[in-house]
Amino acid sequence: MSKSGYQTRRSAVHLLDKVMGDGRLMSDVIQAGALQKLDPADRARAQRLATETLRSLERADRLLQKHLKKTPAMTVQNVLRLATVELCQGGAAHGVINDAVEIVSKGKRTAGMKGLVNAVLRKVADKGQEDWDKLRVPRLPKWLRKPLAQAYCNEVMLEIEAAHFAGAPLDLTAKGDAAALAEAVGGRLLPSGSVRLQDAGQVTALPGFTQGQWWVQDAAAALPAKVLKAQPGEKVLDLCAAPGGKTMQIAAAGAHVTAVDDNPARMERLRENLKRVQLQAKVVVGDVMAQEGQYDAILLDAPCSATGTIRRHPDLPFAKDGSEFGDLIGMQEVFLDHAIGLLKPGGRLVFCTCSLLPDEGEVQVEEAVARWADITVDRDAVLIDGVDPAWITEEGGLRLRPDYWAAQGGMDGFYMAMLRKGA
Ligand SMILES: C[S@@+](CC[C@H](N)C(=O)[O-])C[C@H]1O[C@@H](n2cnc3c(N)ncnc32)[C@H](O)[C@@H]1O
């Protein structure tokens with residue numbers, strides 16, 4: 001940690017307070033300027049520290065329980081959690097403990113706890129690392145574990161949780177030749193055509209970034225556009241498009257793509273992304289439900305619980321409680337019906353969500369097919385390079401889970417299906 005370690009750790013504690021206390025997603029807190037005062041390297045470190053702490057939160061709490069008679073106030077608790085995770089992952093005790101004590105002593109309401117923080121962390125530094133590895137892999141909170149265990153089974157849940165704990169590598173999608181990109185960045189070419197880097201370091205410093213030769217996109221998130229297989233000259237609608245990972249894939253295939261999303265800030269990122277990779281799309285900041293016209297192909301990446309991305313975003317299970325999932329499921333159904341209405345006869349539509357919940361995937365497709373007499377599921381369309389036929393579901397969609405490709409570093413949870421409209 002640099003000289004600015006104190007500021008970095010204090011900012012990481014602030015992120016934890018916002019997630020655990022206010023139920024805010026870390027990305028929203030950061031976008032609102034929480035790390036603005038830090039330089040880019042410390043900003044990345046603060047985010048990494050908070051992310052690691054959330055990923056290991058259950059372990060930290062179990063270890064700390066032994067040394068605490070009662071639970072301290074949230075900020076003190078988060079200081080202890082952050083320091084415990086650092087200490088147990090090999091952080092230098094002197095710096096970690098000093099900064100933790102300083103953070104607590106500078107707060108009016110927490111200053112009285114500095115003796116306790118110092119004493120507890122010294123004990124953790126003594127023997128914590130030894131105990132750490134004996135602790136179980138952190139589990140998801142009950143509100144989320146229950147529906148997922150029902151959808152899969154307890155054994156699979158343990159594998160999914162192991163994948164969450166392992167975190168995620170960095171995957172890139174090549175604008176052109178993926179094998180050449182793998183060689184240029186020293187990555188591994190995955191069976192689906194994405195390029196994977198285990199320890200990427202600073203993304204913008206990787207070869208080909210400035211030249212726009214690739215973009216960051218999880219291997220699972222890259223599959224819906226591969227399933228859609230846009231053709232040169234086709235008229236394609238990308239609904240819920242920002243920040244544009246799938247738009248860029250469709251544009252790179254040579255199709256005329258219209259990208260729609262109602263979030264202006266995210267659409268600004270889409271524009272910047274398109275500019276960097278020198279690809280064209282018609283950009284529409286607007287509501288899905290306001291779209292009109294007829295398209296050869298549509299990709300609908302509907303807003304969802306994002307429960308497939310927990311290995312990258314371990315804040316999600318703590319910031320959320322599932323109360324908004326019902327609304328999201330309702331919205332997906334309405335968006336899907338509207339999108340089907342925009343398909344030309346004989347057209348095709350990929351519906352996808354980065355969710356692990358069948359209600360946001362398999363069930364949506366089953367119900368859409370029941371509502372629309374001229375819509376069928378094309379099960380062969382999802383059997384593309386890298387896809388194991390065992391991942392294809394009863395209704396003909398593709399279910400991806402974080403524990404798949406475990407030996408290669410896993411993948412995000414995702415669901416997708418190709419729907420075809422009768423000619
Ligand atoms: C899963 S993200 C899309 C990711 C994107 N397809 C990609 O590959 O980069 C879902 C998107 O839906 C957008 N969204 C939510 N409600 C919307 C609406 N009513 N109309 C248009 N876009 C909406 C959100 O702004 C968000 O960007």
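Up top is the structure these notes are about.
The following refers to the structure shown. Computed from a predicted model, the values in this text were never measured in an experiment.

**Section: the overall build of the protein chain**
Part 1: Each helix and strand counted, the protein chain has 16 helices and 12 strands in total.
Part 2: Against the compact-globule benchmark of 22 Å for 423 residues, the protein chain has a radius of gyration of 23 Å, which places it among compact chains.
Part 3: If one aligns the C-alpha atoms of the protein chain with their principal axes, the spans along those axes are about 75 × 45 × 40 Å.
Part 4: Per-residue burial over the protein chain gives 52% buried out of 423 residues.
Part 5: Taking contacts inside the protein chain between residues at least 6 apart in sequence as the whole, the part at least 24 apart equals 70%.
Part 6: As presented, the protein chain carries roughly 19000 Å² of accessible surface, and 50% of it is formed by carbon and sulfur atoms.
Part 7: Each charge sign in the protein chain was given a centre, from 53 positive and 53 negative side chains, and these centres are 8 Å apart.

**Looking at the pattern of salt bridges**
Part 1: Scanning the model with the defined rule gives 28 salt bridges in all.
Part 2: A salt bridge links Lys 127 to Asp 131, with the shortest nitrogen-to-oxygen separation between them at 3.4 Å. On the criterion of helical spacing, the pair formed by Lys 127 and Asp 131 is a turn pair, its members being four residues apart in helix α7 (residues 114-132).
Part 3: What makes Asp 131 buried here is its relative accessible area of 13%.
Part 4: Between Arg 401 and Asp 403 there is a salt bridge, and its shortest N-O distance comes to 2.7 Å. The burial state of Arg 401 is the same as that of Asp 403; both residues are buried.
Part 5: Each of the salt bridges in this network shares a partner with another, and the network as a whole consists of Lys 66, Lys 127, Glu 130 and Asp 131.

**Section: the packing of aromatic side chains**
Part 1: According to the stated counting rule, one finds four aromatic pairs in the structure shown.
Part 2: Centre to centre, the rings of Phe 209 and Trp 214 are 5.6 Å apart; their planes meet at 55°, and the pair counts as tilted.
Part 3: Judged by centre distance (6.3 Å) and plane angle (65°), the ring pair of Trp 391 and Trp 405 falls under edge-to-face. Taken together, the residues span a long stretch of sequence, with Trp 391 in the loop between β10 (375-377) and β11 (398-400) and Trp 405 in the loop between β11 and β12 (414-421) at a distance of 14 residues.
Part 4: A relative accessible area of 8% means that Trp 391 is categorised as buried.
Part 5: The exposure class of Trp 405 is buried, given its relative accessible area of 12%.
Part 6: Among the aromatic residues, those joined into a ring-pair cluster are Trp 391, Tyr 404 and Trp 405.
Part 7: Over the ring of Trp 132 we find Arg 59; its NZ or CZ atom is 5.6 Å from the centre of that ring.
Part 8: Taking NZ or CZ as reference, Lys 235 lies 4.7 Å from the ring centre of Tyr 295, over its face.

**Quick notes on the nonpolar core**
Part 1: If you look at the biggest cluster of nonpolar residues, it comprises 98 residues, and the most contacted ones within it are Val 117, Ile 250, Leu 398, Leu 400 and Met 416.
Part 2: Broken down by element, this core gets its largest block of residues, eight residues, from helix α5 (residues 74-88).
Part 3: In terms of domain composition, this core takes at least three residues from each of domain 1 (5-132) and domain 2 (201-421).
Part 4: Counting 23 residues, the second-largest nonpolar core is a separate cluster that includes Leu 239, Leu 349, Ile 375 and Ala 417.

Cut-offs applied
- Residues numbered from 1 in each chain as written.
- Predicted model: local features only at pLDDT ≥ 70, side-chain atom pairs only at ≥ 80, totals over all residues.
- Heavy atoms only, no water.
- Helix = DSSP H or I, 4+ residues; strand = E, 2+ residues; numbered from the N terminus.
- Rg over C-alpha atoms; globule rule 2.2 N^0.38 Å.
- Buried < 20%, exposed > 50% of the residue type's maximum accessible area, 1.4 Å probe, protein only.
- Contact = heavy atoms within 4.5 Å.
- Areas by Shrake-Rupley, 256 points an atom, 1.4 Å probe, with all protein chains shown as cover.
- Lys, Arg positive; Asp, Glu negative; His and termini not counted.
- Charge placed at Lys NZ, Arg CZ, Asp CG, Glu CD.
- Salt bridge = Lys/Arg side-chain N within 4 Å of Asp/Glu carboxyl O.
- Phe/Tyr/Trp six-rings, centres within 6.5 Å; stacked < 30°, edge-to-face > 60°.
- Lys NZ or Arg CZ within 6 Å of the ring centre and 35° of its normal.
- Core = buried A, V, L, I, M, F, W, Y, C linked by side-chain atoms within 4.5 Å.
- Domains from an automatic or database assignment.

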